Structures are given as C-alpha cells and as structure tokens.
Amino acid sequence: MARGARLNTKLSVEHVYKIFGAQPKRALERVKKGQGKDQIFAETGMTVGVSDASFDVNEGEIFVVMGLSGSGKSTLVRMLNRLIDPSAGAIKINGRDITQMNRKELIELRRHEISMVFQSFALMPHQTVLENTCFGLATAGVGKQEREKRALDALDAVGLKANADSYPDELSGGMKQRVGLARALAVNPGILLMDEAFSALDPLIRTEMQDELLRLQSEQARTVVFITHDLDEAMRVGDRIAIMQNGQVVQVGTPEEIVRSPANDYVRSFFRDVNVGHVFTAGDVARRDQVTVIERAGSSVRAALSRLNKHDRPAAVVHDRNRRYLGTVSADSLEACIEQLSKNEEGNIERAFVEGVPVVESSTPLTELLEPVAESPYPVPVVDENGRYIGTISRATLLHTLNRTEQDAA
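Conventions adopted
Residues numbered from 1 in each chain as written. Predicted model: local features only at pLDDT ≥ 70, side-chain atom pairs only at ≥ 80, totals over all residues. Heavy atoms only, no water. UniProt positions renumbered as here; feature names shortened; annotations may be inferred. Helix = DSSP H or I, 4+ residues; strand = E, 2+ residues; numbered from the N terminus. Rg over C-alpha atoms; globule rule 2.2 N^0.38 Å. Contact = heavy atoms within 4.5 Å. Areas by Shrake-Rupley, 256 points an atom, 1.4 Å probe, with all protein chains shown as cover. Axes fitted to C-alpha atoms, helices over the stretch in contact; angles between N-to-C directions. Left-handed = near helix turned anticlockwise from the far one by under 90°. Nonpolar A, V, L, I, M, F, W, Y, C, P; charged D, E, K, R; others polar. Pairing = 2+ DSSP bridges. Core = buried A, V, L, I, M, F, W, Y, C linked by side-chain atoms within 4.5 Å. Buried < 20%, exposed > 50% of the residue type's maximum accessible area, 1.4 Å probe, protein only. Parallel < 35°, antiparallel > 145°, perpendicular 65-115°, else oblique. Phe/Tyr/Trp six-rings, centres within 6.5 Å; stacked < 30°, edge-to-face > 60°. Lys NZ or Arg CZ within 6 Å of the ring centre and 35° of its normal. Domains from an automatic or database assignment.

- The name recorded for the chain in an unreviewed UniProt entry is Quaternary amine transport ATP-binding protein, from Salinisphaera hydrothermalis.
- According to UniProt, the comment filed for the chain under the heading Catalytic activity (unreviewed entry) is "a quaternary ammonium(out) + ATP + H2O = a quaternary ammonium(in) + ADP + phosphate + H(+)".
- Taken from UniProt, the Sequence similarities (unreviewed entry) comment for the chain reads in full: "Belongs to the ABC transporter superfamily."

The structure is reproduced here in structure tokens:
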C-alpha cells in the first residue's frame, strides 16, 4: 500500500475477547476487573485467549499480527472469519458486524468476501492442482466452466498454470503452498487471512513466497491479515504490525514507528537485533532545513549566492515551483559562474549546477545510502516517486541516525 494514499477501513476489531472454558462470562468479568491471564486460569480453569483487542485494518494493506507462541495471534485471526466465535466485542467488515451474522450470512461471507491460507497446505491428494484450486469456488456453487477459468487465472498469477494437471505429490513444498494461495485468490476475496502460511517452508522457499505475496500485492492490492512469529518476515511484508502479548494487542504501528518507540520491554526485545538500516528509509531521515532556491523567471546566480551568504551555507538545492528537484548549487560554483558573466548579466542558475551530486528516492533503505552519501561532495537530495524534493541527507545526518537507532535498539 503506497504511503500517502487515502486510507479506507476494511476491517475493524473492537474490544474483542475470547475466553476458552465452560463459563466465559465469569472469566470475562474478572478480566475487566484487571485480573491477569494466569490468575484467572488458576482460579477458574478458563483460559483467556484474546483480551480487549482493538485495531483497524486499512483496505489494501498487509497487516501483520505477531507475537510469541501462546500470545493469541492464531485465535485472533480465526475470529476474523468466525472459525472461532468471540466471547465479546465486535468485528466489522465493511461496517457490518460479523458477530451478529446468522449461519447463512456467515457462509456467504466466507464464500465471497474472506479467504484463508493455513500453515498446512491442506491439499486433497486425489485431486489435481486445478481441482484443488477450484475447491472454494465449487462449494460456492460456481459453474464448472467459470470456476476452472478463475482457478487457471489464479494459478497463472502464482506461476503454476503449467502444473494444473499435476497432483500434490508431484509438487515441492513451495509449489504446494502456491496452490493453497491460488485456491484462496480464486475466490477473489476482499480480505485474505494468512495464518503462519509460510512458516513450514525452508528459508529460501519462504523468502520466495514472501516475494510472491509482495508481487501479487503490487499487481492487485488486497487486504491481508498475516500471522507470523518471525520478526524478519513481519518487517519484510508488513505495512503495519500489531504485537500481541498474553492475549492483548500491546502496540500497532509501522515497522519504523515500532523500532523508534517500542511500547514496552516485550516489544523492545523483539526488535533488539533489528538492522535499522533495513527499516528506515531516506524519506524517514531526510532533513528539511537545507537552503533552497526556487527556479523561476528572473532567478539568477547572483541572487542564489546572496541567499547562501545570508544563511552561511556552502550549498543550496534548486527546485521548481512544483518542488521538482532540478539540481544543486554551491557557493564555489556560483562564484565561478559569476566570474564568467558581464557586469549587468544575471546568468541562468542551471549554469552553476554542481556535478557529482546523486539523487535518491525517499523509499531507499539507509543501507543503500552509505556509498552515495559518502561520495557526494554535498548533502544528497531526496525526492519522492514523482521527483518532488523532500529534503537532504548529509554524512553527519546518516551517521547520527545509524548510531542513535542502534543504541535505542540495544
């Protein structure tokens, strides 16, 4: 999901609880009085699976839920399509509370609006890849010709169309998981739930599947709720991450926000060994206080030099009225340009642009900035995807950011 895009809420979780046991209301009262999970189990024999979970998932984002084993993340995701019924609270999809749906409405929801990919491949060994991919469509009553077309399109999307007539025992683990993903995609769901979907795969295949998910998102953004216990996976695929601890959602934010400001020691422990150079981008650390010159009719090298001298800066960024980056000028380049002008000639500022100043996009990870920033004679300009100027990064800024964030994560 592109940053800066308009956000529409697709899924809302509002004060959701799940109590496992014979008398959930008794345990629920204790939870609301502030009793802990362990105390409630010791005194009542009931288990608090999820406690007062609240968050929104935006349309088109990959929302990751992570936590240690037993933190409640798998229970939570199964409540999102009511494979497990909540003990209290509301779960709204497109504004409709699914906890109030009857059986018929719930079946329709699962057939058309929400699909799930599990850790186990859950493929039927006696059916072909195509037949396995058609399964959800067949149960929804879609005709054979239509469901096979949609299934083949889904297999094509995950690179398995050529294997449509193969059987599961002829596939690798990664290929089997792609079939599971294609089966979910064939329904064309508004929401895709993925419960530890890649955790059973070998590391290399797991990375390939993460790449596949990101590629599919770039082609057709879906709302994905992705459950994992693996931090690297969460950081790699997640637009935002929710951290669960003892059944509670203790923090929700972008990877950058959580690395910068962990909510507690539990969250901090997850991110202690994170390479912040892979988390933060040029846009996160670019400084906005660089002297700028707006290129317009009448702008001149003399006026630009006067502006640099006034602010006691060695260089300035030049952009147009739409903030589109044009180049960088320095006091030396401006003075050299002025020496070549006649007394009354103002001179076009483009003649004073400094060579050898690289430009980086705001999405560039810090790890990829070390070389261009080190080699640039002046602060490196940062632009957005449309070439609009955002700010600059100097050597001092980059080193300070890396040192500070490494200390904070320690």
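1. Focus: the overall build of the chain
- Scanning the chain from terminus to terminus reveals 17 helices and 16 strands.
- Relative to the 2.2 N^0.38 estimate, which gives 22 Å for 410 residues, the radius of gyration of the chain is 27 Å and therefore markedly larger than a compact globule would have.
- Considering only C-alpha atoms, the chain reaches an extent of 90 × 55 × 40 Å along its principal axes.
- A sequence separation of at least 24 residues applies to 66% of the contacts in the chain between residues at least 6 apart.
- Carbon and sulfur atoms make up 45% of the accessible area of the chain, which amounts to about 20300 Å² in all.

2. Some remarks on the packing of helix α14 (residues 301-311) against helix α15 (residues 331-339)
- Contact geometry for α14 and α15: axes closest at 9 Å, N-to-C directions at 145°. Crossing geometry of α14 relative to α15 is assigned as left-handed. Here V301, R302, A304, L305 and L308 of α14 come into contact with α15, specifically with A331, L334, E335, C337 and I338.
- Split by residue class, the contact of α14 with α15 holds eight nonpolar, no polar and two charged.

3. Side note on the environment of N81
- Relative to the helices and strands, N81 resides in the loop between α3 (73-79) and β4 (88-93).
- Spatially, the C-alpha atoms of N81 and L109 are 8.0 Å apart, while their sequence positions differ by 28 residues.
- Non-local contacts of N81, meaning those with residues more than four positions away in its chain, are made with I98, L106, R110, I114, M116 and L193.

4. Brief notes about the sheet that holds strand β9 (residues 240-245)
- Overall, mixed pairing links the six strands, which are arranged β6-β7-β8-β3-β9-β10 in an open sheet. Either end of the sheet is taken by a strand with one partner, and the two such strands are β6 (114-117) and β10 (248-253). Here the strands of the sheet are splayed against their neighbours by 20° on average, with no regard to which way each runs.
- When strand β3 (residues 62-66) meets β9, the two strands line up parallel, connected through four bridges.

5. Observations concerning the nonpolar core
- Counting residues in each nonpolar core, the largest one holds 62 residues, and the members touching the most others are L181, M194, F226, I243, F271 and I393.
- The residues contacting M194, other than those within four sequence positions of it, are V117, L181, L213, V224, V225, F226 and I227.
- Among the nonpolar cores identified, the runner-up in size contains 28 residues, and F63, L106, L193 and I227 belong to it.

6. Structural notes on helix α5 (residues 129-139)
- Burial in α5 covers these residues: V129, L130, N132, T133, C134, G136 and L137.
- On its buried side, α5 packs onto α6 (144-157) and α7 (173-186).
- A positive phi of about 85° marks G141, the residue just after α5.

7. What to know about unusual backbone geometry
- For R82, which is not glycine, the phi torsion reads 60° and is therefore positive.
- Its location among the elements puts R82 in the loop between α3 and β4.
- On the basis of relative accessibility, which here comes to 14%, the residue R82 falls in the buried class.
- In this model, N94 sits at a positive phi of 55°, which is unusual for a non-glycine residue.
- Among the structural elements, N94 can be located in the loop between β4 and β5 (96-97).
- According to the relative accessible area criterion, N94 is partly exposed, its value standing at 46%.

8. Considering the packing of α5 against α6
- Their axes nearest at 9 Å, the elements α5 and α6 cross at an angle of 120°. Taken as axis vectors, α5 and α6 run oblique relative to one another. For α5 against α6, the interelement crossing comes out right-handed. Together, V129, L130, T133, C134, L137 and A138 of α5 and R147, E148, R150, A151, L152, A154 and L155 of α6 make up the contact between the two elements.
- By residue class, the composition of the contact of α5 with α6 is nine nonpolar, one polar and three charged.

9. Considerations on the packing of aromatic side chains
- All told, the structure shown has two aromatic pairs when counted by the stated rule.
- Ring centres 5.0 Å apart and planes at 15° place the aromatic pair F55 and F63 in the stacked group.
- Over the aromatic face of F20 sits the side chain of K18, whose NZ or CZ is 5.3 Å from the ring centroid.
- Here the basic side chain of K32 rests over the ring of Y17, its NZ or CZ set 5.5 Å away from the ring centre.

10. With respect to the domain arrangement of the chain
- For the chain, the domain assignment lists domain 1 (9-273) and domain 2 (283-406).
- Computed over C-alpha atoms, the centres of domain 1 and domain 2 are 45 Å apart.

11. Quick look at the pairing of β9
- A large share of β9 lies buried, amounting to five of its six residues.
- As defined by bridge partners, β9 adjoins β10 across five bridges and the pair is classed as antiparallel. What sits directly across from M244, in β10, is V249.
- Linkage of β9 to β10, two consecutive antiparallel strands, is achieved through a turn of two residues, within which N246 is found at a positive phi near 50°.

12. Points about the pairing of β4
- By the bridge criterion, five bridges tie strand β1 (residues 9-20) to β4 in an arrangement that is antiparallel. Following the sheet pairing, Y17 is matched in β4 by A88.
- The turn linking β4 back onto β5 is made up of two residues, and N94 within it adopts a positive phi angle of 55°.

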